[in-house]
Each structure stands twice: as structure tokens, then as C-alpha cells.
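Take a look at the letters that make up each chain.
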Amino acid sequence: MLLSSIRSLCYRGPSIASRAFSSSPLARTAEVKSLGVIGAGQMGLGIALVAAQKAQVPVTLIDTSQASLDKGLKFADKLLAKDVAKERLTQEAADAARGRITPSQKMEDLSGVDFVIEAVPEIEELKRRVFGQLAQIAPRHAILATNTSSISITKIAAATTADPTDLQAPARVVSTHFMNPVPVQKGVEIIAGLQTAPETVAAAVAFVRRMGKIPAVSADSPGFLANRILMPYINEAIICLETGVGAKEDIDSIMKNGTNVPMGPLTLADFIGLDTCLAIMNVLHQETGDSKYRPSGLLKRMVNAGWLGKKSGKGFYDY
Ligand SMILES: NC(=O)c1ccc[n+]([C@@H]2O[C@H](COP(=O)([O-])OP(=O)(O)OC[C@H]3O[C@@H](n4cnc5c(N)ncnc54)[C@H](O)[C@@H]3O)[C@@H](O)[C@H]2O)c1
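Residues numbered from 1 in each chain as written. Predicted model: local features only at pLDDT ≥ 70, side-chain atom pairs only at ≥ 80, totals over all residues. Heavy atoms only, no water.

- As named in an unreviewed UniProt entry, the protein is 3-hydroxybutyryl-CoA dehydrogenase, taken from Aspergillus brunneoviolaceus CBS 621.78.

Have a look at this one:
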């Protein structure tokens, strides 16, 4: 079922990129022996930690900010210590997982990895710049994955064409869209751009399975599946707050206790990050031109105020 979804979502025309890539040894994904993660924020850190623990591959974790790397690794230590305390993990396994993660501020340290997952902020220009660099640095067999929540994979893949001698780079770009928090959520959306080779999608599916995750395939459509459904729900909850339909506690309470989800939509928005929620709503609104996706005014004002949710200490609630 999943494989037929992959086939129907991937372009299967006679592209040079696709033909060249299909003979690559990476079609056999057991050969993914090392991972690079770009961005050590809440998503990148979680991806690095789960890959080190479950897929047991060495991970090079890149961030331009030393403070983010320090904060991320401190958080990894805390998560591992909690697992050891609860006897979900032995101390040896925790030490081994932590020892597989190497922090760095240099993209050049990705020159030997087999698979890269980018998790920098949801800004199209930034992601395009990172993929432009990555295509020049990563080995020519490496899968180049993005964790974008909403930006077109086709556009991100197109940013890898700076080197005219590397025709197959866009065919190696795919999305592995992990859910937050990565160590807890099982689902991962896999999205192919127009240029993505079917082998790249198969490699992504196989690798996230090695990480203990459950892949689901989506088309390269605004918001993909998860955020196309989730974000209008969160946005509507914020509009209900803004227009006085309910207090924040009541909005969260009725959705939590009435639809059997672990937290209400405003708490969830705080956990995701209000900047990320706004960025996704903007993509849905701009790409579809449909006013039903217009971001709430309150969401915009909160982001302008720097109230980004849990990560900034203040959102709909205080942290
Ligand atoms: N937060 C969520 O719930 C969630 C869920 C799924 C997907 N995503 C997506 O994952 C991505 C990352 O989101 P996040 O919540 O982890 O963001 P975040 O703000 O917590 O972390 C981003 C990190 O990227 C670093 N960074 C910025 N520019 C960089 C560069 N050029 N090179 C290397 N590192 C750089 C920052 O220093 C920061 O540490 C976004 O695309 C987001 O849409 C987020």
C-alpha cells in the first residue's frame, strides 16, 4: 500500500537524474551508515537523538548557534537520564547513544554522511540557502531530507542545482516530516517533490523505519497532510479566543476532554511554536489563495510580541 503510494506520488518520466540515481548503491538503505542533522532546535535535536538511539548511526549535529547546540545536548542528556531512571534504557545504551552525537558549527563536517535531515526555522529563503550549500558539501550519493512543515519540496529541491555537473542532486531531495516531540510521536510524513526519485522516497521510508517510526506518504501539496488538517484547527481555536467564543482554558478543555487528544489546541500551539504555526498558515493561505486559511490576527500579534509559546517562556500560557 505504502509502496504503491510512493510510486503514484513520484515523477516517473525519463529524467537523467532519476536514471543516474537508480543505479546508486543507496537504493539499498541498509547502507545508510551516518546521518547529518542541520538545526539543533526542538525538532533537530529530537531527530538526532532518536537516530542515535534507535538506528544507532553516528550523527553530526550542525547549528550556527553554539548556544543552541549546548542547550540541545543538555536536553538530550536530560531525556536519556529520564529513560535510564525509568528503566526504559540501560546506562550503557544511553552513553552509547549520546556518544554517537557530534556537535559542530561547520556545514563542511557533512562531507562524509549518507543521509542529511535539515531542521532549520520555517523560512523558505533560509532553507533554499541551506540546500544550495548542502548540495555542494554532502557526498553525491547522500539523501538530502527536509523537515519542513509546509514549504514545497519541489522548491527546496530546485535550490540544489547550483552545481551544473551534479544533475541528480534534486532527485535526492525528499521530506521526512517528523512530528513534535520526536522521541514520542511515531508518525513521519514522507513527501516527494516533482524531481524526487522513487529510490529516494524508498530510502527515506526505510530510514525512518530504522528510527522506529511509522511513515505515511503525502503529495507535495500546501501543508501536506498533517498540517493541512491540523493548522486550520489550531487557527480556528485562536479565532474563538480572539472573538470571545470561549476562554483559553475552556477551548483547551472541551477539545482535550471531548475529542480524546492529549492536549487542547492552544496548548498544542504553544508546544509547536507560534512562529511555526504562523509560518504554516501563511504558506497555506498564500499557496492556495483560499481565505479560509487566513491566519488569525491574534496569532500574528503574539508572534510580533515575541510570544512564541513554550520555547520563549510565554505563549497562550506562561512557562
Ligand atoms: N516545532 C514543531 O512542532 C515542528 C513540527 C514538525 C516540523 N517542524 C519544522 O521543523 C523545522 C525546525 O523547527 P523547530 O521547531 O525545531 O525550530 P527551532 O527554532 O526550535 O530550531 C531551529 C534551529 O535551527 C538553527 N539554525 C538557524 N539557521 C541555521 C543554519 N543556517 N544552519 C544551521 N542551523 C541553523 C537555530 O539556531 C535553531 O537552533 C521547521 O521547518 C519547522 O517548521 C516543526
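### Regarding helix H10 (residues 248-259)
Move 1: In this model, H10 (12 residues) spans 16 Å end to end at C-alpha, consistent with the 16 Å of a helix rising 1.5 Å per residue.
Move 2: Immediately beyond the C-terminal end of H10, within one or two residues, lies Asn260, with a positive phi of roughly 60°. (Helix = DSSP H or I, 4+ residues; strand = E, 2+ residues; numbered from the N terminus. Expected span 1.5 Å × (residues − 1).)

### Regarding the pairing of strand S7 (residues 187-192)
Move 1: Most of S7 sits out of view: 5 of its 6 residues are buried.
Move 2: Bridge count between strand S6 (residues 173-178) and S7: 5 bridges; the pairing is antiparallel. If you follow Ser175 over to S7, its bridge partner there is Ile191.
Move 3: As judged from the 5 bridges shared by S7 and strand S8 (residues 214-218), these two strands associate in the parallel manner. Counted as the bridge partner of Glu189 is Ala216 from S8.
Move 4: With helix H8 (residues 198-210) bridging S7 and its parallel neighbour S8, the resulting β-α-β unit is right-handed. (Buried < 20%, exposed > 50% of the residue type's maximum accessible area, 1.4 Å probe, protein only. Pairing = 2+ DSSP bridges. Right-handed = clockwise from strand over helix to strand, strands pointing away.)

### Considering the site of the ligand
Move 1: As a structural note, the neighbourhood of the ligand is formed by 26 residues, with Met43, Asp63, Glu122, Lys127 and Ser149 the closest of them.
Move 2: Within the side chain of Asp63, an N or O atom sits 2.7 Å from an oxygen atom of the ligand.
Move 3: Within the side chain of Asn180, an N or O atom sits 3.0 Å from an oxygen atom of the ligand.
Move 4: Against a free-state accessible area of 840 Å², the protein chains account for coverage of 87% of the ligand.
Move 5: Contributing elements (two or more residues each) for the shell around the ligand: helix H3 (42-55), helix H6 (124-137) and S6.
Move 6: Per-element accounting of the shell around the ligand gives the leading share, 3 residues, to H6.
Move 7: When grouped by side-chain class, the residues that make up the shell around the ligand number 10 nonpolar, 12 polar and 4 charged. (Near = heavy atom within 4 Å. Polar contact = N/O pair within 3.5 Å; in protein donor to acceptor, adjacent residues only side chain to side chain. Areas by Shrake-Rupley, 256 points an atom, 1.4 Å probe, with all protein chains shown as cover. Nonpolar A, V, L, I, M, F, W, Y, C, P; charged D, E, K, R; others polar.)

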